[in-house]
Amino acid sequence: MPVEVALSERIEAFLAELKRGGSGAGTLRGSGETARETTALLRRITGQAQWSSAGDLMEIIRKEGRRMMATQPSETTVGNMVRRVLKIIREEYARLRGSSEVTDQQESLHQLLTSGGLSEENFGQHFKDLRANVIEAINELLTELEATTDHIAMQALEHIHSNEVIMTIGRSRTVEAFLKDAALKRKFHVIVAECAPFCQGHEMATSLSEAGIETTVIADAAIFAVMSRVNKVIIGTQTVLANGGLRAVNGTHTLALAARHHSTPLIVCAPMFKLSPQFHNEEDTFHKFVSPHEVLPFTEGEILSKVNVYCPVFDYVPPELITLFISNIGGNAPSYTYRLMSELYHPEDHEL
Amino acid sequence: LFRQTYLQMYFRTQISQDPDVASAAAAIRSLLEFLKRDQSETLLGLRENLTEAIRRLGEADSSVAVSSGGELFLRFITLTSLEHLDFSQSKNLLVERGELFLNKISLSRNKVAKLCHTFIKDGAKILTHSSSRVVLKVLENAAADKKRFSVYVTESQPDSAGKLMAEKLRRLNIPVTVILDAAVGYIMEKVNLVIVGAEGVVESGGIINKIGTYQLAVCSKAHNKPFYVVAESFKFVRLFPLNQQDVPAQFKYKADILKTAEDLDKEHPMIDYTPPSLITLLFTDLGVLTPSAVSDELIKIYL
């Protein structure tokens, strides 16, 4: 099914921006914006592309989704949104068919026993309402995406109490909103680890102090030393993995270990669109290395030929080190991640 | 009574004809045969006969896998929606469903292997315990994917099953070393990951497997190595042992010892229980699960 010229131009423009925007830990756009733009683009594809059945639409979306993911593999929100939309299509199709297959589609021991015949859903039936229904459902998804940061920030008062010392690392828009919301009613102190070499912590500290929060910036090496004074650690993350672990900015694993050593609770503020069905075994796509210029500038001269310099962007944090996930749907333990995943994505879409 | 001994014979021939088949699958096939030949007139009678047959099978092979296979088959009988009022029609439907079920579970080992082999990286050193057909399939898939890795297998006394595993791996051209059961702690610093099979997966997300698995798990936790379990979903069993003593005696010892032994406390158990806190991930045909997800799957079937 061909995709219109104007539509493909838009897709190309989006891909180009993805490629450019992914340099360095200081992404030019937050992952929330990426998620919203991806969803809007998928809605446009649904509306404008030529397709006659749900199966065709899913094929188109998968194809475009694969292209988008290949452009910037470390930006997992793109893939997550594609999977959400695929699930929406499946649900709308099942609803139009009138079957209660929505719950039966999951692979389970129960399904193994009760279903007669291999369930080969080919999604071939044509429904004229499908296009409108899917677009409406995607609009709901977009509304949800716009409100995520607010929903997370609303829960701040339950977790932050007066005169507490909170530690965070780098810059996360979600954590920023979270802390600012609590600051409206409570007085507390924030320590920000600067998170070298991009030092996003500095911007975070400036922004927080403008909101009237007492902030201190520390070097990454001082994390362990200061940890004994800290009541809670609240961080953001780039991705939440399928086992409940994190792919977060480099330095987070150190922070998590220090917190575990002092038995300080580690709270992760992550909206649902960051939940990804991947595991950290995928070598090629898990880590991202950027220009080592930030670590050892090219102006150093002679020494550069004798030394290997790396600048990794991400860290893996295992689920055992995390106490709580706060997302737009509430607070969850890391061991519950599998359940949230089964509600958001269909198992067949894990591998696009 | 004649029928019952025939059942055990059928089960044994299944195992001997196809050594690669999972014992639970063989048990289910035997029960299906039994179902076909059963003479009862009502569903209740059928169910009673099946319960008796499962008990008899347990006498032939007292492992957890056979018990879980039998339990699942019984569950399957009760879950099938029978709209037909005529009993013989219902029975035909049951037999048909049974065949379908058997087909599905014969594919499950391949599904597990497909999921797991991506976790084996190039140059990895893998440690495994005793002989497991599922682990063998996983390693076979990884080797077919042109990955280079080497395997350490524990000897696994008292039946030296590890040596059999090593033979099978050598035939696949995978470099393998057999180590003493006691050498697990010694070798742990060299390995990158541990993969074991399971005879049964319990409700807590823990596993029941050949004796020595618990030791292996404790050691790998101490060294921070990932401990992966590969098991098909029909091995999920409705047990919740709180410690090693809690595992029922019928699973711990071989069937003939259960009959002849005077004091079970003096016998060596063949299996042990590994708690979920020591397991990193479980690879099943239902997907990659964390131990906490297992009880959810079990609830879904035993609703």
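Structure report, in brief. (Residues numbered from 1 in each chain as written. Chains lettered and ligands numbered in written order. Predicted model: local features only at pLDDT ≥ 70, side-chain atom pairs only at ≥ 80, totals over all residues. Heavy atoms only, no water.)

**Topic: the overall build of chain A**
- Within chain A one finds 14 helices and 10 strands.
- Considering chain A as a whole, with its 352 residues, one finds that 51% of them fall into the buried category.
- The long-range fraction of contacts in chain A, counting pairs at least 24 apart against all pairs at least 6 apart in sequence, stands at 80%.
- As displayed, chain A offers around 15900 Å² of accessible surface, 51% of which is attributable to carbon and sulfur atoms. (Helix = DSSP H or I, 4+ residues; strand = E, 2+ residues; numbered from the N terminus. Buried < 20%, exposed > 50% of the residue type's maximum accessible area, 1.4 Å probe, protein only. Contact = heavy atoms within 4.5 Å. Areas by Shrake-Rupley, 256 points an atom, 1.4 Å probe, with all protein chains shown as cover.)

**A few points about helix 7 (residues 161-171) of chain B**
Residues and elements named next belong to chain B.
- Among the residues of helix 7, those classed as buried are Ala161, Gly162, Met165, Ala166 and Leu169. Take helix 7 and look down its axis: the buried residues cluster within an arc of 145 degrees, on one side only. Residues Leu164 and Arg171 are exposed on helix 7 and point more than 90 degrees away from its buried face.
- Each element contacted by the buried residues of helix 7 is listed here: strand 1 (124-129), helix 6 (133-144), strand 2 (149-154), strand 3 (176-179) and strand 6 (207-210). (Arc of directions from axis to C-beta.)

**A few points about the environment of Asp150 of chain A**
- Structurally, Asp150 of chain A is set in helix 7 (residues 130-154).
- Separated by 28 residues in the primary sequence, Asp150 of chain A and Phe178 of chain A place their C-alpha atoms 8.3 Å from one another.

**Considering the pattern of salt bridges**
- Following the criterion strictly, the structure yields 30 salt bridges over all chains and no others.
- Ionic pairing is found between Glu144 of chain A and Arg84 of chain A, a salt bridge with its closest N-O pair at 3.3 Å. Of this pair, Glu144 of chain A sits in helix 7 while Arg84 of chain A is found in helix 4 (residues 76-97), placing the two residues 60 residues apart along the sequence.
- The class of Arg84 of chain A is buried, set by a relative accessible area of 10%.
- Residue Glu59 of chain B is joined to Arg55 of chain B by a salt bridge in which the shortest nitrogen-to-oxygen separation is 3.1 Å. In this pair, Glu59 of chain B and Arg55 of chain B both sit in helix 3 (residues 43-60), 4 residues apart, roughly one turn of the helix. (Salt bridge = Lys/Arg side-chain N within 4 Å of Asp/Glu carboxyl O.)

**Things to note about the sheet that holds strand 10 (residues 287-289) of chain B**
All names here are of chain B.
- With respect to topology, 7 strands assemble into an open sheet ordered 3-2-1-4-7-9-10, the strand pairing being mixed. The two strands at the open ends of the sheet, each matched to only one other strand, are strand 3 and strand 10. Each strand of the sheet is rotated relative to its neighbour by a mean of 25 degrees, with strand direction disregarded.
- In this structure, strand 2 lies alongside strand 3, joined through 4 bridges in parallel fashion. Residue Val151 lies in a different strand from strand 3, and its bridge partner there is Val176.
- Strands strand 1, strand 2, strand 4 (193-196) and strand 7 (227-230) of the sheet are contacted by helix 6, whose axis makes an angle of about 165 degrees with strand 2. (Pairing = 2+ DSSP bridges. Axes fitted to C-alpha atoms, helices over the stretch in contact; angles between N-to-C directions.)

**Some remarks on helix 7 of chain A**
Residues and elements named next belong to chain A.
- Spanning 25 residues, helix 7 covers 35 Å between terminal C-alpha atoms, matching the ideal 36 Å at 1.5 Å per step.
- Maximum bend of helix 7: about 45 degrees, positioned at Ala147.
- What helix 7 keeps buried is the set Leu130, Val134, Ala137, Ile138, Leu141, Leu142, Leu145, Thr148, Ile152 and Ala153. (Expected span 1.5 Å × (residues − 1). Bend = angle between axes of the 7 residues up to and from the residue.)

**Examining the packing of aromatic side chains**
- Under the definition given, this model contains 7 aromatic pairs over all chains.
- Consider the rings of Tyr228 of chain B and Phe283 of chain B, whose centres lie 5.4 Å apart with planes at 80 degrees: the pair is edge-to-face. Remark: Phe283 of chain B occurs in strand 9 (residues 281-284) and Tyr228 of chain B occurs in strand 7; sequence separation between them is 55 residues. Each of the two residues, Tyr228 of chain B as well as Phe283 of chain B, counts as buried.
- Pairwise contacts between aromatic rings join Phe279 of chain A together with Phe119, Tyr228 and Phe283 of chain B into one cluster.
- When the ring centre of Phe286 of chain A is taken as reference, the NZ or CZ atom of Arg247 of chain A above it lies at 5.3 Å.
- Here Arg247 of chain A stacks its cationic end above the ring of Phe314 of chain A, 5.2 Å away from the centre of that ring. (Phe/Tyr/Trp six-rings, centres within 6.5 Å; stacked < 30°, edge-to-face > 60°. Lys NZ or Arg CZ within 6 Å of the ring centre and 35° of its normal.)

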